[in-house]
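In case you want the letters, here they are:
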Amino acid sequence: MTAAPPLRSDRVLMEGSEALVRSAIAAGCRFFAGYPMTPFTEVLEHFARLLPDVGGACVNAESELEAVGMAWGALATGARAATGSTGQGLSLMQESFSEITLAELPLVIFNMARGQQDYYQATRGGGHGDYRHIVLAPHDISEGVALVQLAFHLADKWRNPVLVYGDYLLAHTQEAVAVETIAYPPLPPKDWAVDGRASGSGQSRNVTPLGVSKHGQPAFGQEGRAQYAASKIPYMEREVRVETAFLDDADTVIVAFGTPSKFVRYAIGRLREAGHKIGMIRPITLWPFPYDTVRAAAGRARVIGSFELCAGQMIDDVRIGAAGQAPVEFIGGVSTDGSGFGVGRLLDVDVIEQRILALHTGQPLGMIPGTDVYRYELAPHQKEPTR
Amino acid sequence: MTSSGTSSGASSGPHDLGPVLDTSTAPDGARVVEPLLPDLLLTQQHQMCPGCGEPIAVRGYLEALVDLGVAQQSIAVVGIGCYTSFSSSMDVDLVQALHGRAPSVATGVKRMLPDRVVFTLQGDGDMVNEGLQEVLHTAARGEDITCILLNNGVFGETGGHMTATSVIGQRTKSSLDGRDADYHGYPILIGDLIARLQGAAYVARGSVHNAGAVARTKKMFRRAFETQLRGEGFSFVEVLTMCPTGWFIPTADGPSYMQETLGEVHVMGELKVDGRIRTTEELHDENAARQAEIEAQLAAGELRK
Amino acid sequence: MTRITVKTRGTVTVDVETCKGCELCIPACPPGVLTMSDGVNRTGFHWPELHAGCTGCAACLLVCPDFVFEVFRYAEPVDHEFDSETP
């Protein structure tokens with residue numbers, strides 16, 4: 001019998017929410033505001049417990065709308081600050097997200113989503129105007145710890161919000177993690193921040209999404225502000241991150257992100273052992289999306305499958321990436337539990353393996369078990385399109 | 001004091017006013033009683049309408065900050081309304097917020113920089129319509145910030161629509177026949193509402209309809225900022241301001257219209273001081289007493305601000 | 001014709017081109033020594049003109065929305081004399 005490996009004393013068993021919060025604090029986050037909502041609530045709880053110990057502040061705001069407002073104020077002073085919720089709560093924050101992006105504030109946003117159906121909200125934005133947020137999608141808690149710190153760095157690097165896309169599984173499972181501060185290249189000082197000391201000097205500053213500045217100083221104007229913000233987007237696209245597996249000989253390539261991608265990876269592992277030439281692309285940044293990686297894979301593969309726990313959102317980006325070089329099929333589906341918060345029937349390695357194999361062998365995909373009852377039926381007045 | 005309307009020259013009063021004096025340059029041998037601009041204003045230029053009360057209020061709180069010696073530790077959080085354009089002329093570090101959202105942004109600023117004087121500048125549409133929840137909760141939490149409300153009973157910037165503070169009978173573009181209680185409901189007396197929250201330490205309602213009111217309002221700004229500096233909790237100054245454009249009345253009628261409509265419902269005075277909410281009767285008595293006092297000062301040529 | 005002497009303790013400067021002709025200063029002046037001009041400025045507004053008798057109380061400045069006034073007080077009151085047709 002071999003001896004057990006030595007215990008790593010730097011690792012502590014904790015739930016994902018706590019690990020992400022500890023990582024944020026390690027990155028220097030000193031302000032958080034949020035509103036309880038499942039499965040995000042524990043993030044708020046951990047910030048409330050841990051921030052005061054490092055001289056920070058956490059406010060349980062009166063709604064999500066005020067939570068993002070408070071983070072806005074904290075960011076304006078030059079502090080590292082974050083907010084978060086689940087998708088429904090982030091819906092309330094959208095106006096502020098658009099304007100915070102125009103104001104070039106480095107907000108970090110946590111979405112502990114109820115599935116993968118917030119992909120559009122995260123990558124297209126539910127707010128008005130031309131803006132993009134960098135979106136990081138960890139597939140497990142360890143990666144989540146690293147990506148949270150990357151989020152704060154990228155947010156400051158680009159003066160642009162960064163969203164961390166988590167979910168119920170990530171938030172509520174426990175793993176042994178060691179949260180350490182990751183060192184990044186130095187960033188310039190925040191000379192745009194306001195702290196009151198320039199007031200009355202003739203050199204006071206505005207932190208604003210409007211193209212307005214102080215009397216006598218040059219100003220963007222509204223059009224200029226929007227053009228300036230839009231012209232930042234191509235530069236941020238260089239921050240794309242992706243993980244791939246078995247692409248060299250893959251006839252079928254599956255694209256999946258976040259915690260479900262681990263299930264997909266495991267299923268693919270089993271299928272490869274059985275001799276099937278299946279590969280995988282896991283976007284780590286949902287925006288910028290790894291279009292080039294998909295394009296290269298589509299050039300060699302027969303078919304691309306998009307696996308998502310929703311009605312199909314990331315598949316749009318997969319299709320853009322494939323650029324018609326290979327057909328793209330949806331092999332995911334709406335899947336949640338009775339409460340609507342968490343995992344459902346589809347997050348099952350056997351079911352996933354079946355669906356991948358069906359795609360790979362050209363068989364029809366079966367219905368997701370248990371969904372037969374809930375198919376839309378056309379009413380007589382809906383049978384014909386309106387011309 | 002009767003309004004002289006558009007008449008000119010010396011023929012309107014009972015006595016001959018004599019020739020017009022030269023007011024183009026500063027006189028020799030005289031000291032400045034009041035400078036053209038407050039220290040914290042970068043320019044006279046603004047885009048407010050003739051007769052707008054908002055710039056009058058802006059002068060008041062900017063002077064109060066300088067008088068208290070806290071100019072170099074002040075941060076403004078500005079909402080969205082006509083007054084938003086003062087964000088470029090106020091020489092104050094400033095964060096622009098969205099419509100109704102200034103109190104939460106100010107909360108974030110103050111939590112990170114507790115020793116700064118943080119204040120919001122909002123209109124009634126911004127604060128009492130869009131942002132009612134924000135200001136109530138910020139007051140209830142007792143955040144050590146000062147919220148300043150410029151209350152003209154209309155959404156001025158969008159052209160004169162009814163807000164939550166518009167009074168019964170007031171004609172606006174969304175209450176063309178006058179605000180009707182059955183159809184439109186009743187106005188919210190926001191100063192009175194906030195006074196009843198335990199976290200609110202100082203609550204006052206000023207006005208800029210005449211010189212005495214302007215002077216009293218400046219004192220309210222000072223007491224509000226002092227409340228913040230002492231860390232006693234939330235402070236609030238509501239200021240009734242004229243908006244002849246949004247009220248669809250002649251410019252010169254602004255002050256009298258305001259006193260007869262908004263001023264009758266939103267009563268001027270210090271609504272809450274030292275933890276005590278004052279009664280409407282107390283406010284009316286004080287207003288009468290202060291009016292008499294101020295008229296005497298003005299007649300003697302001196303107005304103490 | 002009567003010779004009138006008015007003791008004047010203070011005075012103002014008026015930024016004519018900035019004035020928007022709102023006339024709030026006219027009723028605000030306690031000695032009533034402001035009247036609106038016949039002429040108009042470049043924007044088309046009448047502006048306030050000053051007569052003898054200013055006390056330097058600054059009421060006009062307090063109520064002005066446009067930062068038109070600067071207010072001064074003389075070290076010693078000045079006598080303004082003029083001939084009046086009004087008895």
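Up top is the structure.
Description of the structure in this document. Everything numeric in this text was worked out from a predicted model, so none of it was measured. (Residues numbered from 1 in each chain as written. Chains lettered and ligands numbered in written order. Predicted model: local features only at pLDDT ≥ 70, side-chain atom pairs only at ≥ 80, totals over all residues. Heavy atoms only, no water.)

In this section: the sheet that holds strand β2 (residues 74-78) of chain B. Strands sit in the order β9(A)-β3(B)-β2(B)-β4(B)-β5(B)-β9(B)-β8(B)-β10(B)-β11(B) across an open sheet of nine strands; the sheet is mixed. Strands at the two margins of the open sheet, each flanked by one partner only, are β9 (206-207) of chain A together with β11 (276-277) of chain B. (Pairing = 2+ DSSP bridges. Helix = DSSP H or I, 4+ residues; strand = E, 2+ residues; numbered from the N terminus.)

The next point concerns the interface of chain C and chain B. At the junction of the two partners, chain C supplies 51 residues and chain B supplies 56 residues. Taking both partners together, chain C and chain B bury about 4500 Å²; carbon and sulfur atoms supply 62% of that area. Broken down residue by residue, the surface that chain C buries against chain B is led by L62(C), F67(C) and R73(C), which jointly contribute 19%. Here chain C and chain B share zero salt bridges between them. One can count 16 residue pairs in polar contact (both at pLDDT 80 or more) joining chain C with chain B. In terms of residues, the side of chain C that touches chain B owes the most to one element, strand β4 (residues 69-84) of chain C, which gives ten residues. Grouping the amino acids of the side of chain C that touches chain B by side-chain chemistry returns 29 nonpolar, twelve polar and ten charged. In terms of strand pairing, strand β1 (residues 30-34) of chain B meets β4(C) through four bridges, oriented antiparallel. (Contact = heavy atoms within 4.5 Å. Buried area = accessible area lost by both parts, 1.4 Å probe. Salt bridge = Lys/Arg side-chain N within 4 Å of Asp/Glu carboxyl O. Polar contact = N/O pair within 3.5 Å; in protein donor to acceptor, adjacent residues only side chain to side chain. Nonpolar A, V, L, I, M, F, W, Y, C, P; charged D, E, K, R; others polar.)

Bringing the sheet that holds strand β1 (residues 2-14) of chain C into the picture now. In any sheet, the strands associate via hydrogen bonds between backbone groups, in a parallel or an antiparallel arrangement. Read across the open sheet, the three strands follow the order β1(B)-β4(C)-β1(C); overall the sheet is antiparallel. Among the strands making up the open sheet, the edge pair consists of β1 of chain B together with β1 of chain C. Strand-to-strand twist across the sheet, computed as the mean angle between neighbouring axes with direction ignored, equals 45°. Bridge analysis of β1(C) against β4(C) gives twelve bridges, and the strand direction is antiparallel. Bridging across to β4(C), T11(C) finds its partner in F72(C). (Axes fitted to C-alpha atoms, helices over the stretch in contact; angles between N-to-C directions.)

Attention now moves to the interface of chain A and chain B. The interface of chain A with chain B comprises 40 residues on the first partner and 33 residues on the second. Carbon and sulfur atoms supply 59% of the area that chain A and chain B bury against each other, a total of about 3000 Å² over both sides. The interface formed by chain A and chain B holds three salt bridges in total. Ionic pairing is found between E66(A) and R101(B), a salt bridge with its closest N-O pair at 3.8 Å. The tally of links between chain A and chain B comes to 22 residue pairs in polar contact (both at pLDDT 80 or more). Looking at which element gives the most residues to the side of chain A that touches chain B, the answer is helix α3 (residues 64-76) of chain A, with eight residues. For the side of chain A that touches chain B, the per-class residue count stands at 15 nonpolar, 16 polar and nine charged. For β9(A) and strand β3 (residues 93-96) of chain B, the ladder comprises two bridges, and the chain directions are parallel. Within β3(B), the residue paired with N206(A) across the bridge is L94(B).

Function-wise, these values are silent; they only describe arrangement.
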